[in-house]
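One letter stands for each residue in the lines below.
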Amino acid sequence: MEPSVIHDKAERIRDVIRYIQRFKNAIIVIYLDDKLIDSPLFLRHIKDISLLHETGLKVIIVPGAAKRIDEILTSSGIHWTMHRGCRITRQEAMPLIKMAAFDVSNRVMTALAGEKITALIGNWVRARGRGVIDGLDYGTIGEIDKLQTEAIETVLQSGFIPIFPCIGWSLAGKPYNISSILLSQQIAIHLHADKLFYLVPGASISSEEFKIPNSLGISPEGTVPAMNLEEVDEFLKINEYSVNSENSNNYSVNSAENSGKISHRSVNSTENLSKNAAKTKILSLLNTAKEACSSGVTRVHILNGSLDGTVPCEIFSDFGSGTMIYTSNYGRIREMKHEDIQNVLTLMQPFIDKGILLPRTPQMLSDQYSHYIVYELDGAIRACSSLVPYSDGQMEIAGVAVDSNCSHMGIGPKMIEYLIDLAQKKKATGLFLLTTQTSDWFENLGFEESDISSLPEQRKASWSPKRGSKVLRFNISK
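Description of the structure in this document.

1. Considerations on the overall build of the protein
The secondary structure content of the protein amounts to 14 helices and 25 strands. Within the protein, buried positions represent 47% of all 478 residues. Excluding contacts between residues fewer than 6 apart, the proportion of contacts in the protein whose partners are at least 24 apart in sequence is 71%. Summed over all atoms, the accessible surface of the protein reaches about 23100 Å², with 50% contributed by carbon and sulfur.

If you want it as structure tokens, here you go:
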């Protein structure tokens, strides 16, 4: 077997071990869309969730029940309408809604039992009625009033998986229908969860469906792998108006009598309406994720439940399989430390082998490490670069290397932008770099070709005609 193949396999295994160690005893809240329960992948997702539990993670499951509630209310001839994502029904529908919610939760519990995992369905949610707002009586819709966090933590400490039906009870024991999506968010917030997963079929934040800000990295598949809270704001700003404008041309009424019938105010097709609804749901999830992160949840993940293995891929690798919403602690640029030398050399080696970078030795990096920065992703170094000063006041960007698995995440441009800003702060009289194979990439970042004669004398002396590196400059006075 080729050494490079072994190296790649070893790196993947190291990633898994690192994440197991990092998240052992972490709390993971998983919203499971009920459309997945009837899908062929349901048992595969349950197996993956069971494996997470077996590795020592504390898992909580919140299954959606909208589809099952639709079915039971329709078969019983119960009328309902939808308003801003809420199902408006009379009180007579509540026993059937409760039956549907517990039916879905029981199916999840039975599937976990098949994996020899013990789960409990509990009434850990206290709720109050939403009441009448702007003249509209929300009927059976409830708001979360309180979560019995101590009881939930006891269940987790006992090694069980808690399952939350979308039902809350008032102090008087009156049941209310509550949003599973918001319930999962509130559970994650109140229990200070490390991760909140929204596992939804077809949920993909891609360049095919959305406008992607230039600041965001794109995976080879065309999806957005991660966004911080500022990037979420930018994404929502450029996408919410277009989606809401499209949706304003359509409306639907849901009831036993009208099930499956859609009225149109325009010539938009049912397929387009469905696509717009899916896009609107993702934008809503992004808003929910942003609120969760702002309230202390470390990371929120929107995953395409139509993909087998999406859950373990998302949690046990740097690059994941869906879109992660995070605060500022996921990826960061920092100064290189002496103990980083071997990891940086390993990162550089593929670029040295291709002739993109000049060879470095441990001693060279030991002498120069104070000039280097690294990009750390969940504790692993995934990129590096240096800013070398010269006696005439000029500075050189050198040693730029980005892990090929991260090339779609926009890490390289972020590092170069950081070094440009650093050179400006240090009052550099000029900023340049030398390259043989990556001039197009740097030109896209604002660098322009220059002449060898403009180099500092010390750097000019080490320039090799045989290598023939091009000089590129950035106008730091811009």
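Additional details are given in the paragraphs that follow.
2. Some remarks on the pairing of strand β2 (residues 58-63)
Burial analysis of β2 places 6 of its 6 residues in the buried class, which makes it a mostly covered element. Taken together, the 6 bridges between strand β1 (residues 27-32) and β2 define a ladder with parallel strand orientation. If you follow Ile28 over to β2, its bridge partner there is Val59. Each parallel crossover has a hand, and the one from β1 via helix α2 (residues 42-54) to β2 is right-handed.

3. What to know about unusual backbone geometry
Glycine aside, residues mostly have negative phi, and peptide bonds are mostly found in the trans state. The backbone of Arg84 sits at a positive phi, close to 50°, despite the residue not being glycine. Within the secondary structure, Arg84 sits in the loop between β3 (81-83) and β4 (86-88). Even without a glycine there, the phi angle at Asp134 is positive, about 55°. Of the residues examined, Asp134 reaches a relative accessible area of 80% and is grouped as exposed.

4. Topic: the side chain of Ser469
For Ser469, the location among the structural elements is in the loop between α14 (457-462) and β25 (470-474). Given the relative accessible area of 9%, Ser469 is considered buried. Ser469 has contacts with Leu434, Thr435, Thr436, Ile452, Trp463 and Ser464, leaving out every residue within four places of it along the chain.

5. A few points about the packing of α2 against helix α4 (residues 94-114)
Look at α2 against α4: their axes get within 9 Å of each other, and the N-to-C directions meet at 65°. Note that α2 runs across α4; the crossing there is right-handed. The segment α2 lies against α4, with Phe42, Leu43, Ile46 and Ser50 engaging Arg107, Val108, Ala111 and Leu112. Across the contact of α2 with α4, the residue classes tally to 6 nonpolar, 1 polar and 1 charged.

6. Let's talk about the pattern of salt bridges
Under the defined criterion, the tally for this structure stands at 22 salt bridges. For Lys47, the salt bridge identified is with Glu115, shortest N-O distance 3.2 Å. Placement of the pair is Lys47 in helix α2 and Glu115 in the loop between α4 and β5 (119-121), with a sequence separation of 68 residues.

7. Description of a negative patch on the surface
A cluster of acidic residues, Asp440, Glu443, Glu448 and Glu449, forms a negative patch on the protein surface. Of all elements in the fold, only α13 (439-443) and β24 (448-450) reach the threshold of two or more residues within the negative patch. Summarising the element assignment, Glu443 is placed in helix α13. Given the relative accessible area of 35%, Glu443 is considered partly exposed.

8. Some remarks on helix α5 (residues 149-157)
Turning to α5, its buried residues number three or more, namely Ile152, Val155 and Leu156. Burial along α5 is one-sided: seen end-on, the buried residues are contained in an arc of 100°. Looking at α5, the residues exposed on the side facing more than 90 degrees away from the buried face are Glu150 and Gln157.

9. Some details on the packing of aromatic side chains
Tallying each qualifying case throughout the model produces 8 aromatic pairs. A centroid spacing of 4.9 Å and a plane angle of 85° characterise the contact between Trp441 and Phe442, whose relative ring orientation is edge-to-face. Here Trp441 falls in the partly exposed class, since its relative accessible area comes to 34%. Put simply, the rings of Trp441, Phe442, Phe447 and Phe474 pair up and form one aromatic cluster. Over the ring of Trp80 we find Arg87, and its NZ or CZ is 5.2 Å from the ring centre.

About the thresholds
As a convention, each chain's residues are numbered from 1 in the sequence order in which they are written. Residues qualify for local features only when their pLDDT is at least 70, as the model is predicted, and side-chain atom pairs are given and counted only at 80 or more; totals for whole chains, interfaces and linings, by contrast, use all residues. By convention in this description, side-chain values take in all heavy atoms of the structure and omit both hydrogens and water. Every helix listed is a DSSP run of H or I at least four residues long, and every strand listed is a run of E at least two residues long, numbered separately from the N terminus. Note on exposure labels: buried denotes an accessible area under 20% of the residue type's maximum, exposed denotes more than 50%, and partly exposed covers the range between, all computed with a 1.4 Å probe on protein chains only. In what follows, a contact means two residues having at least one pair of non-hydrogen atoms within 4.5 Å. Working definition of accessibility: Shrake-Rupley area with a 1.4 Å probe, residue cover restricted to the visible protein chains. By the convention used here, strands pair only if DSSP detects at least 2 bridges between them. When the strands point away from the viewer and the path from the first strand over the helix to the second turns clockwise, the crossover is right-handed. Only the stretch in contact is used when a helix axis is fitted, and all axes are lines through C-alpha atoms; the angle between N-to-C directions ranges over 0 to 180 degrees. When the near helix sits turned anticlockwise from the far one by under a right angle, the crossing is termed left-handed; a clockwise turn instead gives a right-handed crossing. Just so you know the grouping, Ala, Val, Leu, Ile, Met, Phe, Trp, Tyr, Cys and Pro go in nonpolar, Asp, Glu, Lys and Arg go in charged, and all remaining residues, Gly too, go in polar. In what follows, salt bridge is the name for a side-chain nitrogen of Lys or Arg lying within 4 Å of a carboxyl oxygen of Asp or Glu. Patches draw on residues past 30% relative accessible area with no salt bridge. Two like charges within 9 Å are joined, as are two nonpolar side chains (Val, Leu, Ile, Met, Phe, Trp, Tyr) within 5 Å. By the counting scheme adopted, Arg and Lys are positive, Glu and Asp are negative, and His together with the chain ends is not counted. Taken as the charge location is NZ of Lys, CZ of Arg, CG of Asp or CD of Glu. Read the arc as the range of directions from the helix axis to the C-beta atoms. Side-chain rings of Phe, Tyr and Trp (the six-membered ring for Trp) are treated as a pair once their centres are within 6.5 Å; stacked means planes under 30 degrees apart, edge-to-face means over 60, and tilted covers the remaining angles. Any Lys NZ or Arg CZ that is within 6 Å of a ring centre and within 35 degrees of that ring's normal is treated as a charge sitting over the ring.

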